[in-house]
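Commentary on secondary and tertiary structure
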Amino acid sequence: MPNNRERLESLLRPGTAPGESGAGFLDLLGEIPQAGPPTGLAQRLMRTSAVPMIYERYWRPTLGRVAKGLNGPSMADEVRIAVEALGLRPGQVVLDVACGTGRFTRAFGEAVGPDGLSIGLDGSVTMLDKALAAPSPASVTYLRADAVDLPLGESTVDAVCCFAALHMFADPDAALDSFARALKPGGSVVMLTSARHGDQPRKLADTVLGRLSGQRMFDRGEVATKLTRRGFDQVEERYSGVTQIVTGELPVNIRP
Ligand SMILES: C[S@@+](CC[C@H](N)C(=O)[O-])C[C@H]1O[C@@H](n2cnc3c(N)ncnc32)[C@H](O)[C@@H]1O
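Figured I'd write up the structure that's included with this text. (Residues numbered from 1 in each chain as written. Predicted model: local features only at pLDDT ≥ 70, side-chain atom pairs only at ≥ 80, totals over all residues.)

Moving on, we get to the overall build of the chain. Of regular secondary structure, the chain possesses nine helices and eight strands. Taking 18 Å as the expected radius of gyration for a compact globule of 256 residues, we find that the chain reaches 17 Å, a close match to that expectation. Seen along its three principal axes, the alpha-carbon backbone of the chain occupies a region of about 55 × 45 × 30 Å. Across the 256 residues in the chain, those meeting the buried criterion constitute 44%. In the chain, of all internal contacts separated by at least 6 residues, the share reaching a separation of at least 24 is 68%. (Helix = DSSP H or I, 4+ residues; strand = E, 2+ residues; numbered from the N terminus. Rg over C-alpha atoms; globule rule 2.2 N^0.38 Å. Buried ≥ 20, exposed ≤ 12 C-beta atoms within 10 Å, placed from the backbone. Contact = placed C-beta atoms within 7 Å.)

Encoded structure:
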């Protein structure tokens with residue numbers, strides 16, 4: 001029976017350079033400090049050693065609450081929503097893109113059970129170090145790579161999650177292409193990202209602050225349309241504050 005690392009390596013795109021595994025995760029970026037082109041302050045903070053230390057307990061819940069509003073889902077709700085939206089079953093392979101400290105990766109690991117594989121992918125060494133320090137189900141493994149150009153082969157994963165990250169990628173469209181390519185026909189995606197209030201004029205946060213922090217504001221409906229254009233169906237959106245959770249499924253006959 002192959003171990004998690006061997007299973008992960010068997011899912012990589014043919015021709016992927018071997019990578020390093022001394023740090024406890026498979027590292028495809030090596031000395032490169034930043035996954036993909038840098039986009040701004042938010043991405044840089046994720047590579048410090050301070051933010052990962054406080055990320056899961058304080059940083060993410062606090063900023064998440066501000067973005068989602070008082071009536072938005074709690075962190076526990078977010079995890080439950082993601083697991084349910086992906087319809088995870090024992091034995092499946094799930095990819096948690098931009099996993100940070102692995103909160104969702106661990107929950108997915110429980111859902112897919114010991115015969116499944118829950119891959120947490122992130123570009124930040126300090127985030128992945130923190131993820132590795134947490135007790136995790138046996139099905140969890142971590143990968144350091146660029147979320148915008150996933151190193152996974154075509155049709156290799158049953159489900160993709162990407163929470164709180166699409167809006168900070170240099171090229172969200174390329175990332176979505178990558179997600180669709182890695183998913184098996186019939187596979188599911190769930191994402192939490194930014195969403196501009198439809199009835200509000202563009203705010204300073206959308207422009208100057210947005211550019212400085214490297215985070216973009218998607219329009220309402222924009223991410224759903226992007227999924228539909230890539231062949232996803234059953235696309236659904238739910239909005240809270242300036243966030244949206246978007247889900248979709250690739251048809252079983254998407255590839256001949
Ligand atoms: C705000 S955190 C989200 C973590 C987790 N998904 C959550 O919902 O709490 C964003 C993560 O995206 C990662 N990230 C940003 N750009 C990336 C890229 N191009 N490739 C891989 N990871 C990236 C950062 O390192 C950071 O861990």
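Here the narrative resumes.
Moving on: the pairing of strand 6 (residues 183–194). The two faces of a sheet get side chains in turn, since along a regular strand they alternate between them. In terms of residue burial, strand 6 counts as a mostly covered element, since nine of its 12 residues are buried. The pairing of strand 5 (residues 157–163) with strand 6 spans six bridges and is classified as parallel. Within strand 6, the residue paired with Val157 across the bridge is Leu183. Between the parallel elements strand 5 and strand 6, the chain passes through helix 7 (residues 172–182) in a crossover that is right-handed. The pairing of strand 6 with strand 8 (residues 243–249) spans seven bridges and is antiparallel. (Pairing = 2+ DSSP bridges. Right-handed = clockwise from strand over helix to strand, strands pointing away.)

Right, let's get into the sheet that holds strand 7 (residues 233–240). Judged by pairing direction, the sheet is mixed, and its eight strands sit side by side in the order 1-4-3-2-5-6-8-7 without closing on themselves. Edge positions in the sheet fall to strand 1 (26–27) and strand 7, since each has one partner strand and no second. Those strands touched by helix 6 (residues 125–133) are strand 3 (117–122) and strand 4 (140–144), and its axis lies near 170 degrees from that of strand 4. (Axes fitted to C-alpha atoms, helices over the stretch in contact; angles between N-to-C directions.)

In the vicinity of the ligand, 22 residues are found, and the nearest of them are Ala35, Ala98, Gly100, Gly123 and Phe163. Looking at the shell around the ligand residue by residue, the class counts come to 13 nonpolar, five polar and four charged. (Near = placed C-beta within 6 Å. Nonpolar A, V, L, I, M, F, W, Y, C, P; charged D, E, K, R; others polar.)

What follows deals with the nonpolar core. Judged by nonpolar contacts, the single largest core of 68 residues is most densely connected at Val94, Ala147, Val160, Cys161 and Ala165. At six residues, the largest contribution of residues to this core is made by strand 5. For Val94, the contacting residues outside a window of four places in its chain are Leu86, Leu88, Phe108, Val112, Ser118, Val157, Asp158, Ala159 and Cys161. (Core = buried A, V, L, I, M, F, W, Y, C linked by C-beta atoms within 7 Å.)

Turning our attention to the packing of helix 4 (residues 75–86) against helix 5 (residues 103–112). Remark: helix 4 packs on helix 5, axes separated minimally by 10 Å, with the N-to-C direction vectors making an angle of 45 degrees. Classified by the angle between their axes, helix 4 and helix 5 sit oblique to one another. Seen along the crossing, helix 4 lies across helix 5 with a hand that is right-handed. For the pair formed by helix 4 and helix 5, the contact residues are Val79, Ala82 and Val83 on the first element and Arg103, Phe104, Ala107, Phe108 and Ala111 on the second. For the contact of helix 4 with helix 5, the class distribution of residues is seven nonpolar, no polar and one charged. (Parallel < 35°, antiparallel > 145°, perpendicular 65-115°, else oblique. Left-handed = near helix turned anticlockwise from the far one by under 90°.)

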